[in-house]
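# Commentary on secondary and tertiary structure
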Amino acid sequence: MPTKKKSTATSRPERRPELLAIAAEVFAAQGYDATTVRRIADEAGMLAGSLYHHFDSKESMVDEILSTFLAGLRTTYDAVLDAGLGPRETLEALVTESFRHIGRNLAAAAIYRTEAAHLATRPGFQYLAEARPVLERALCRTLERGVADGVFRAGLDTRLTGRFVRDAVWGTAAWGTTGATDAPDDLARPYLALLLDGLAPRP
């Protein structure tokens, strides 16, 4: 994941997390293109000009929100894959930790889900396209290992299953904007039960 690209002017570091959290909520609710710096400043209780002391543009804000979110996600997946777990346990951990990371960052996850495709076409945001396959690759490798070990059924289409699992997990990013309040682990447990019943070897 690339480092932050855009510098900011005379920023007060102690306010950055608060302002980014506010910006994330506004971007998630209104969409990136429809959001103005003035609207973010209004939500933060400050003048638009004052916001420019912390960030040079709304582009720099969404960049920091998304790059931080994705860096955390990549770190989470690397930790799971490096833990030396069996295929089933690795799959469970990838799904559970995905739900947890999304749950901790609902607004950022919603922005990524809805905005990444068109932001990725803009200069400086190519990393969004590069990040998309990260979970799918981790899932596919885990599924392939599980098939080879006899943990998952022979003949399983690991690529299709990996995409299905990835998209089902990312679909939960929308739930934070529709009033759903399920805790991440409460989502992961029934999802994994449903998923793994379908992956178990046939008698």
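Note that the structure is predicted; figures quoted are calculated from it, not measured.

## Considerations on the nonpolar core
Side chains of nonpolar character tend, in soluble globular proteins, to be buried together. Ranked by internal contacts, the top residues of the largest apolar core, which has 59 residues, are Phe-27, Leu-51, Met-61, Tyr-112 and Leu-128. Counting residues per element, this core draws most heavily on helix H4 (residues 58-81), which supplies nine residues. For Tyr-112, the contacting residues outside a window of four places in its chain are Leu-66, Phe-69, Leu-70, Leu-128, Ala-131, Arg-132 and Trp-170.

## Remarks on the pattern of salt bridges
Summed over the entire model, instances satisfying the criterion amount to nine salt bridges. One salt bridge connects Arg-15 with Glu-18, and the closest N-O pair in it is separated by 2.9 Å. Look at Arg-15 and you get buried, because its relative accessible area is 16%. With relative accessibility at 39%, the residue Glu-18 sits in the partly exposed group. A single network of salt bridges, built from pairs that share partners, joins Glu-136, Arg-163, Arg-166 and Asp-167.

## Here we look at the environment of Glu-92
Along the polypeptide, Glu-92 turns up in helix H5 (residues 87-104). Here the alpha-carbon distance between Glu-92 and Leu-196, two residues 104 residues apart in the chain, equals 9.0 Å.

Thresholds, definitions, all that
- Residues numbered from 1 in each chain as written.
- Predicted model: local features only at pLDDT ≥ 70, side-chain atom pairs only at ≥ 80, totals over all residues.
- Heavy atoms only, no water.
- Core = buried A, V, L, I, M, F, W, Y, C linked by side-chain atoms within 4.5 Å.
- Buried < 20%, exposed > 50% of the residue type's maximum accessible area, 1.4 Å probe, protein only.
- Helix = DSSP H or I, 4+ residues; strand = E, 2+ residues; numbered from the N terminus.
- Contact = heavy atoms within 4.5 Å.
- Salt bridge = Lys/Arg side-chain N within 4 Å of Asp/Glu carboxyl O.

These figures capture arrangement, not role.
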